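Letter by letter, the chains look like this.
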Amino acid sequence: MSNIEEETIHEKIQRLQAELAAAENEKKHLSNNTPSPFQETNHEPFTDFQKSKREEKLITMLHRENELRRSPAVQAAMEKAEESVNSEWMDVVEAVQLQVVDEFREDDGDDESWNDVSVHDLRLAAQRHPSIAHWVKYNRARCGHLQIGDVAPNVPVRRAINGELTHLFPSTNGT
């Protein structure tokens, strides 16, 4: 059972925020300055062997992320996050990616920094491997048709406080 299945999304977000704050604080006080899991790891130049091994590891990590994203627990957490005024589905994705990076972190004492992988590296790998990363392959996001100077459409929206349906510009009643 994954960490996400054992915790509610709100608990997970709070825990991750506390962990990140603690990591940033520790970073200030440690001489080795371990990078944040969101920073790009930059240990170039890699040998061809290191690049190949690292890419294999990233592909394995993408498969794990895909498995977690499709799990009923994560899908339910995404839905719950969208219903909340304090979070959104991207918070769940971030928690999943942090979990994957943590699961694949190798802490065997070797100084193989080329093998370190961050969330940023995982996200870049998803762009290189859309056949694995279905969220990239089937991304519905697109550039809109509005341009600077256009009048924004008066779309229906729900109030965060009570869920009441209204419009972006309520005084015009949807016209």
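Structural notes, computed from the coordinates.

Conventions and cut-offs
- Residues numbered from 1 in each chain as written.
- Predicted model: local features only at pLDDT ≥ 70, side-chain atom pairs only at ≥ 80, totals over all residues.
- Heavy atoms only, no water.
- Helix = DSSP H or I, 4+ residues; strand = E, 2+ residues; numbered from the N terminus.
- Buried < 20%, exposed > 50% of the residue type's maximum accessible area, 1.4 Å probe, protein only.
- Contact = heavy atoms within 4.5 Å.
- Core = buried A, V, L, I, M, F, W, Y, C linked by side-chain atoms within 4.5 Å.
- Salt bridge = Lys/Arg side-chain N within 4 Å of Asp/Glu carboxyl O.

To continue, consider the overall build of the chain. Tallying secondary structure elements over the chain gives seven helices and two strands in all. Ordering the α and β elements of the chain from the N terminus gives α-α-α-α-α-α-α-β-β. Taken across its 175 residues, the chain has 30% of its residues classed as buried. Restricting the contact set of the chain to residue pairs at least 6 apart, pairs at least 24 apart contribute 59%.

The next thing to look at is the nonpolar core. In this structure, Met61, Leu62 and Val92 are the most contacted members of the largest nonpolar core, which totals 25 residues. Within the residue set of this core, elements represented by two or more residues are helix H3 (48-70), helix H4 (72-83), helix H5 (89-104), helix H6 (119-128) and helix H7 (134-137). Beyond its immediate chain neighbours, meaning those up to four positions away, Leu62 contacts Leu122, Ala125, Ala126, His129, Ile132 and Trp135.

All right, on to the pattern of salt bridges then. This structure, assessed with the given rule, holds eight salt bridges. When the shortest N-O distance is used, the salt bridge between Glu55 and Arg128 registers 2.9 Å. Of this pair, Glu55 sits in helix H3 while Arg128 sits in helix H6; the two residues are 73 residues apart in sequence, bridging distant segments of the chain. The closest approach of N and O atoms between Glu103 and Arg64, which form a salt bridge, is 2.8 Å. Highlighted residues: Glu103 in helix H5 and Arg64 in helix H3, separated in sequence by 39 residues. Relative accessible area serves as the criterion here: at 18%, Arg64 is assigned to the buried category.

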